[in-house]
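Here's the letter readout for the chains.
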Amino acid sequence: MENVVPPQITTELTQILSNLVLGDNEIRSNAEKAVNERLEQTPELYLLALTQFATAADTEMRSFSLVLLRRLLFRSPVNQRLSLYDQLSAHALSTLERLLLHSLSHEPSVVVRRKAVDTVCDLANNAMSRGRPWHALQAQSFSMAESNDALARESAFRVFAGCPNLIMDLQTETVLAVLEKGLQDPQSVEVRHAALRASVSFLSATEHNQLAQVMSLMYPMLNTLPYLSHSQLPSFLSTLTPLASSHPQLFAPHLHNLLKFLPGLIIPSSDPGPTPTVARPNPAGGSSFVFPPPSADEKGKSPATGDLSADDEEAEEVRKAALEFMLSLSEARPSMVRRVDGWTTAIVRGCLASMGEIPEEETTIWLEADPAEDPTDDTYPHVYEQSLDRLACALGGKAVLPPAFSDIPGMLASHDWRMRHAGLMAIAAIAEGTAKVMQNELGRIVDLVTPMFADPHPRVRYAACQCIGQLCTDLEEVIQEQYHQQLLNVLIHTLEAPEPRVHAHAAAALINFCEGVERDILLPYLDPIVERLLKLLNPGASGEGKQPKRYVQEQAITTLAMVADASEATFAKHYSAIMPLLLNVLQNANTPEYRKLRVKAMECAGLIAIAVGRDVFRPDSAQFIELLMRIQNSPPDPSDTMLGHYLIATWAKVCQAMGPEFEPYLPVVMPPLLIAASAKADVSVYDEDESAEEKDGWETISMDGRQVGIKTSAIEEKCQAFETLVIYCSTLGPRFAPYLSQSLELVLPSLRFFFHEGVREASAMLVPMLLHCGKLSNTLTHQMVSASFSQLVNCIGIENDVSFLASLYKCFSDSLRVVGGPTALPQEIQDGVIEATKRQLQALADRRKSRANLPANDIRDDKEELMLLEEMEDFALEDMGKMLHAFDANHPLLVAISSVRELGLHLGQWDSSEEGGHEG
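Please read all numbers here as calculations on a predicted model, not as lab measurements. (Residues numbered from 1 in each chain as written. Predicted model: local features only at pLDDT ≥ 70, side-chain atom pairs only at ≥ 80, totals over all residues. Heavy atoms only, no water.)

(A) Spotlight on the overall build of the protein chain. Of the regular secondary structure elements, the protein chain holds 46 helices and 3 strands. Relative to a compact globule of 920 residues, whose C-alpha radius of gyration would be 29 Å, the protein chain shows 33 Å and is just as compact. Projected onto its principal axes, the C-alpha coordinates of the protein chain cover approximately 90 × 75 × 65 Å. Split into buried and exposed, the 920 residues of the protein chain put 52% on the buried side. Across the protein chain, the fraction of contacts at a sequence separation of at least 24, relative to all contacts at a separation of at least 6, is 74%. (Helix = DSSP H or I, 4+ residues; strand = E, 2+ residues; numbered from the N terminus. Rg over C-alpha atoms; globule rule 2.2 N^0.38 Å. Buried < 20%, exposed > 50% of the residue type's maximum accessible area, 1.4 Å probe, protein only. Contact = heavy atoms within 4.5 Å.)

(B) Seen up close, the nonpolar core. Counting 295 residues, the largest nonpolar core has Phe 251, Trp 343, Phe 736 and Phe 812 as its most contacted members. When residues in this core are grouped by element, the largest group, 12 residues, is from helix H25 (residues 417-438). The contact partners of Phe 812, leaving out residues within four places of it in the chain, are Phe 789, Leu 792, Val 793, Ile 796, Leu 825, Val 833, Met 883 and Phe 887. (Core = buried A, V, L, I, M, F, W, Y, C linked by side-chain atoms within 4.5 Å.)

(C) View of the packing of helix H12 (residues 189-205) against helix H15 (residues 233-246). Packing of H12 against H15 brings their axes to within 10 Å, and their N-to-C directions diverge by 5°. The orientation of H12 relative to H15 falls into the category roughly parallel. Note on element contacts: H15 touches H12 through Ser 235, Phe 236, Thr 239, Leu 240, Leu 243 and Ser 246, opposite Val 189, Arg 192, His 193, Leu 196, Arg 197, Val 200, Leu 203 and Ser 204. Looking at the contact of H12 with H15, its residues break down into 7 nonpolar, 5 polar and 2 charged. (Axes fitted to C-alpha atoms, helices over the stretch in contact; angles between N-to-C directions. Parallel < 35°, antiparallel > 145°, perpendicular 65-115°, else oblique. Nonpolar A, V, L, I, M, F, W, Y, C, P; charged D, E, K, R; others polar.)

(D) Layout of the side chain of Glu 603. Mapping Glu 603 onto the fold places it in helix H34 (residues 595-612). Although Glu 603 is buried, it forms no salt bridge, and the closest oppositely charged side chain is Lys 600 at an N-O distance of 4.1 Å. Apart from residues no more than four positions distant in its own chain, Glu 603 is found in contact with Thr 558, Tyr 646, Thr 650 and Lys 653. (Lys, Arg positive; Asp, Glu negative; His and termini not counted. Salt bridge = Lys/Arg side-chain N within 4 Å of Asp/Glu carboxyl O.)

(E) Inspection of a negative patch on the surface at higher detail. A cluster of acidic residues, Glu 476, Glu 477, Glu 481, Glu 515, Glu 518, Asp 565 and Glu 568, forms a negative patch at the surface. Relative to the assigned elements, Glu 568 resides in the loop between helix H32 (550-567) and helix H33 (572-588). Given a relative accessible area of 42%, Glu 568 falls into the partly exposed group. (Patch = residues over 30% accessible without salt bridge, like charges linked within 9 Å, V, L, I, M, F, W, Y side chains within 5 Å. Areas by Shrake-Rupley, 256 points an atom, 1.4 Å probe, with all protein chains shown as cover. Charge placed at Lys NZ, Arg CZ, Asp CG, Glu CD.)

(F) Seen up close, the confidence of the model for the protein chain. Per-chain confidence: the protein chain averages 88 in pLDDT, with 90% of residues scoring 70 or above. Highest mean pLDDT in the protein chain belongs to helix H27 (residues 458-474) (97); lowest belongs to helix H18 (residues 296-299) (37). Here residues 270-310 is a poorly scored stretch, pLDDT under 50, and it has 54 contacts once near neighbours within four places are set aside; other chains count. Within the model, the stretch residues 910-920 combines pLDDT values under 50 with 47 contacts to residues more than four positions away or in other chains. (pLDDT = per-residue confidence, 0-100.)

(G) Focus on the packing of aromatic side chains. Counted under the stated rule, the structure contains 13 aromatic pairs. Pairing Phe 157 with Phe 160 gives two aromatic rings, centres 6.0 Å apart and planes at 75°, and the pair type is edge-to-face. You can see Phe 157 and its partner Phe 160 sitting in helix H9 (residues 150-162), 3 residues apart, about one turn around the helix. Across the pair, exposure class does not vary: Phe 157 and Phe 160 are buried alike. Their ring planes at 80° and their centres at 5.1 Å tell us that Phe 789 and Phe 812 sit as a pair that is edge-to-face. With Phe 789 in helix H41 (residues 782-798) and Phe 812 in helix H42 (residues 802-819), the pair connects residues that are 23 residues apart, well separated along the chain. Classification of Phe 789 by relative accessible area gives buried; the value is 0%. Each member of the aromatic cluster is reached from another via a ring pair, and the members are Trp 651, Phe 662, Tyr 665 and Tyr 728. (Phe/Tyr/Trp six-rings, centres within 6.5 Å; stacked < 30°, edge-to-face > 60°.)

(H) Expanded view of the pattern of salt bridges. All told, the structure shown has 41 salt bridges when counted by the stated rule. Arg 390 is paired through a salt bridge with Glu 324; the nearest N and O atoms lie 2.9 Å apart. One end of the pair, Arg 390, is in helix H23 (residues 382-395); the other, Glu 324, is in helix H19 (residues 312-332), with 66 residues separating them in the sequence. On the accessibility criterion, Glu 324 (31% relative accessible area) is partly exposed. For the salt bridge of Arg 420 with Asp 455, the shortest nitrogen-to-oxygen distance reads 2.7 Å. With Arg 420 in helix H25 and Asp 455 in the loop between helix H26 (442-449) and H27, this pair connects stretches of sequence that are 35 residues apart.

(I) Molecular detail of the side chain of Thr 724. Looking at the secondary structure, you find Thr 724 in helix H38 (residues 712-732). Not counting residues within four places of it along the chain, the set of residues in contact with Thr 724 comprises Ile 648, Ala 652 and Leu 673.

(J) Just the packing of H41 against H42, in detail. For the pair H41 and H42, the least separation of the axes is 10 Å and the interaxial angle reads 155°. Taken together, the axes of H41 and H42 are roughly antiparallel relative to one another. Relative to H42, H41 is oriented so that their crossing is left-handed. Contact with H41, carried on its side by Val 785, Phe 789, Leu 792, Val 793, Cys 795 and Ile 796, involves Leu 805, Leu 808, Tyr 809, Cys 811, Phe 812, Ser 815, Leu 816 and Val 819 of H42 and no other residues of that element. Here the contact of H41 with H42 is built from residues that sort into 13 nonpolar, 1 polar and no charged. (Left-handed = near helix turned anticlockwise from the far one by under 90°.)

(K) The arrangement of H23 in detail. When the terminal C-alpha atoms of H23 are compared, their 20 Å separation across 14 residues agrees well with the 20 Å that a helix rising 1.5 Å per residue should span. Taken as a whole, H23 has its buried residues at Tyr 384, Glu 385, Ser 387, Leu 388, Leu 391, Ala 392, Cys 393, Ala 394 and Leu 395. Note on H23: the residue one or two positions beyond its end, Gly 396, has a positive phi of about 85°. (Expected span 1.5 Å × (residues − 1).)

(L) Local environment of the environment of Glu 661. Inspection of the secondary structure assignment puts Glu 661 in the loop between helix H36 (643-658) and helix H37 (666-677). Separated by 564 residues in sequence, Glu 661 and Glu 97 have C-alpha atoms that sit 74 Å apart. Once you skip the residues sitting within four places of it in the chain, Glu 661 turns out to touch Arg 614 and Arg 618. For Glu 661, the side chain forms a polar contact with the side chain of Arg 618, separated by 2.8 Å. (Polar contact = N/O pair within 3.5 Å; in protein donor to acceptor, adjacent residues only side chain to side chain.)

(M) Region of interest: the environment of Cys 655. With respect to the helices and strands, Cys 655 occurs in helix H36. Owing to a relative accessible area of 0%, Cys 655 belongs among the buried residues under this scheme. Spatially, the C-alpha atoms of Cys 655 and Ser 850 are 50 Å apart, while their sequence positions differ by 195 residues. Discounting residues that sit within four places of it in the chain, Cys 655 has contacts with Phe 662, Tyr 728, Thr 731 and Leu 732.

(N) Spatial organisation of unusual backbone geometry. Backbone geometry places Glu 568, a non-glycine residue, at a positive phi of 55°. In the Ramachandran plot, Asn 778 falls in the positive-phi region, its phi being about 60° despite a non-glycine side chain. Considering the arrangement of structural elements, one finds Asn 778 in the loop between helix H40 (757-776) and H41.

(O) Broad picture of H15. Taking 1.5 Å of rise per residue, the 14 residues of H15 would be expected to cover 20 Å, and the 21 Å separating its terminal C-alpha atoms lies within 8% of that figure. What H15 keeps buried is the set Leu 233, Pro 234, Phe 236, Leu 237, Thr 239, Leu 240, Thr 241, Leu 243 and Ala 244. Looking at the buried positions of H15, the neighbouring elements they touch are H12, helix H14 (218-222), helix H16 (255-261), helix H17 (263-266) and H19.

(P) View of the state of the cysteines. This structure, assessed with the given rule, holds 0 disulfides. No disulfide involves Cys 467; its sulfur sits 9.6 Å from the nearest other cysteine sulfur, which is in Cys 472. On the accessibility criterion, Cys 467 (0% relative accessible area) is buried. (Disulfide = S-S within 2.5 Å.)

(Q) Structural detail: the environment of Leu 323. Positionally, Leu 323 belongs in helix H19. For the pair Leu 323 and Met 784, spaced 461 residues apart in the sequence, the C-alpha separation amounts to 57 Å.

In structure tokens form, the structure reads like this:
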């Protein structure tokens with residue numbers, strides 16, 4: 001192509017771009033500065049030069065130019081509101097588009113061509129959002145889809161996938177014909193995959209009421225699957241999976257045929273079937289997806305010979321992709337797949353078989369490893385356990401328990417320890433989702449599991465601990481009340497198992513047991529539990545002389561804390577044996593390897609202090625607090641990420657234990673707590689083709705084509721700080737008054753801290769507590785009252801989360817009681833909350849009317865989700881009513897609340913023969 005910029009610009013930019021890809025930080029930094037300067041001074045010239053590079057430079061530089069162009073085009077330079085794209089003249093835009101279209105159609109490198117597609121799609125989508133459709137791209141893409149060149153066809157369908165707007169407004173028949181032809185491309189798997197991606201984008205963008213007109217596209221889409229090789233299947237299945245999640249109804253007519261195909265991928269058969277050829281990738285053709293496909297003999301053709309076996313890694317990838325596809329459909333539309341006989345059984349059996357794939361030779365490594373740094377964790381089949389959990393939570397107990405327990409008893413009786421291990425872990429995995437139905441068979445399950453604590457293999461005994469611990473969590477209170485004797489007998493005995501991994505996990509399972517046990521049930525077992533835990537913590541005291549593993553000590557301390565919490569004051573008889581050990585740890589465990597032990601000792605001492613009460617704790621309180629202050633004032637270690645969290649939590653426990661006697665220590669604990677509560681959300685935004693750095697304490701989400709990193713660790717610390725403020729304020733009452741003003745200044749804006757629900761909920765609890773503190777201490781001002789209620793009215797008026805809306809109304813009502821009722825409020829506040837309530841009632845009524853107009857099938861399929869939503873709305877209506885009642889027992893809006901409540905679907909009265917989700 002002709003040059004569109006002067007040669008000297010090309011030469012200069014060549015040098016700048018070359019420097020940008022160098023490893024020298026200083027050279028690269030100077031090159032970045034040069035790029036920014038040129039773009040600020042003459043953006044058109046350098047953007048066109050960069051685009052020209054995409055057509056004329058060497059391969060590496062063409063690729064880099066396209067990536068850089070995509071990153072820069074819609075970036076706003078410093079001190080400028082408009083993006084570079086928006087600063088370009090019409091002529092420059094036309095030239096830039098012409099150059100990119102040339103790159104799209106003539107680029108010889110597959111990798112660079114795909115970069116060109118990405119840049120073209122980004123440009124087209126952003127231009128479309130600005131009301132500037134790119135008609136030339138549409139025409140060229142359709143022309144390329146008919147090309148004899150496979151790379152051109154692939155690029156065309158990639159463009160359709162990345163920019164579905166190009167085909168959304170065209171004749172449906174035309175679009176379907178183009179996509180179907182691509183899905184049946186006789187020469188290239190890559191073209192068929194690109195066409196599949198385009199088809200998924202097209203269906204995802206189609207309006208719900210128009211899906212019936214395009215459903216026929218599903219046949220050729222699914223018909224791409226049966227003839228793929230093992231190496232090709234995962235990418236195709238992964239492309240279909242998002243559509244299964246967003247539009248599961250499209251797959252309903254094909255479930256039976258999919259069921260003939262997918263189970264063989266989850267448990268690969270020894271006979272992989274016929275091999276497709278390049279010339280005949282889809283010989284079935286036709287308008288329906290069928291499996292198995294016709295054999296070569298039936299078609300009168302001989303398939304090309306080749307290696308029919310896939311290696312283990314390929315088979316594993318296929319299995320995971322097929323499983324994820326089936327699970328996504330199951331989670332998106334549980335009632336739909338429940339009606340397909342064999343669907344649930346196939347997934348359950350695939351997971352159970354795969355869960356037994358643990359390398360035999362790793363047992364010795366596993367026994368010696370610290371659980372936090374276990375190298376065998378990388379080869380453990382976690383994905384299949386998680387898949388069983390997801391399936392159980394989606395489909396419930398009636399669907400999942402029968403196929404699971406048709407196999408699990410046989411697995412527990414297997415001669416292979418790995419199958420016994422898998423059977424126990426499977427029970428643990430499905431417990432959460434099947435809990436309600438599992439309760440009916442709990443005795444039989446306990447009888448199946450408890451004998452496994454005598455298994456000769458340590459990993460099976462470990463799995464038995466895991467299973468019981470999970471059952472204690474998911475069937476909390478029920479299993480503890482009915483089967484405490486059987487469970488505690490095996491757990492207490494296993495605390496003396498010879499393997500540290502096993503006895504530590506038995507101690508961990510005791511925590512789960514204690515979280516749901518009544519105090520009176522635990523008391524008869526308290527002495528043998530504490531005796532054995534102390535032996536794990538300090539075996540030298542019993543004359544054994546063995547040096548315990550540190551992770552065992554950490555676990556023993558954690559379990560002692562939970563046992564103390566559950567047994568309450570009765571734990572006092574063990575206080576003198578345990579507290580000196582904990583204080584000794586805090587005194588001496590100062591080196592980095594003892595960090596976790598130290599914070600666990602802090603936590604345990606705090607919980608024991610609460611359990612035994614201030615009179616028992618008082619003699620040690622001064623030493624404990626002195627140690628905490630020494631730890632808090634020690635030089636900060638940036639690599640110790642646990643200490644801050646545990647310090648704040650332990651100070652809160654000491655406050656709960658000491659009650660009013662804690663007041664003198666507020667000046668010690670409040671400054672760091674207020675700093676933590678003041679933390680802002682730390683957010684980083686990355687361009688789509690930038691790799692967001694994986695860092696501990698960060699979470700990355702996709703938003704508007706960009707990756708957004710949120711520092712969740714800081715937000716969690718902020719939430720903990722607010723929850724601790726609740727403890728201090730509620731425990732100390734008027735004694736908290738010196739920090740009333742500072743706390744209110746933090747709490748009121750945090751009612752709208754949307755990054756963490758816990759911060760908002762804690763703030764809603766704190767407002768009436770702080771007002772009450774001010775009232776009792778005579779430090780409450782009119783300004784505080786006015787600011788608090790004004791913020792509450794504002795928040796109520798705009799809140800869209802009905803769950804938190806209920807919390808806001810409760811906060812308002814509780815605060816109203818503190819200040820003396822509605823008459824204590826200015827008239828504008830009273831009028832404001834009534835107007836905000838009218839708006840919320842109208843919004844709730846509109847939502848319920850809209851749901852009432854949903855098709856019956858949609859209501860049935862989304863029943864569990866809708867029931868939960870209406871339950872939350874009812875809570876909000878209830879709290880709204882309580883607030884209105886405080887204004888006037890006969891307030892006219894109370895009638896409106898009743899009317900909105902009646903608009904509900906009342907799904908609890910529907911036929912509940914199909915149960916799912918967490919209903920068991």
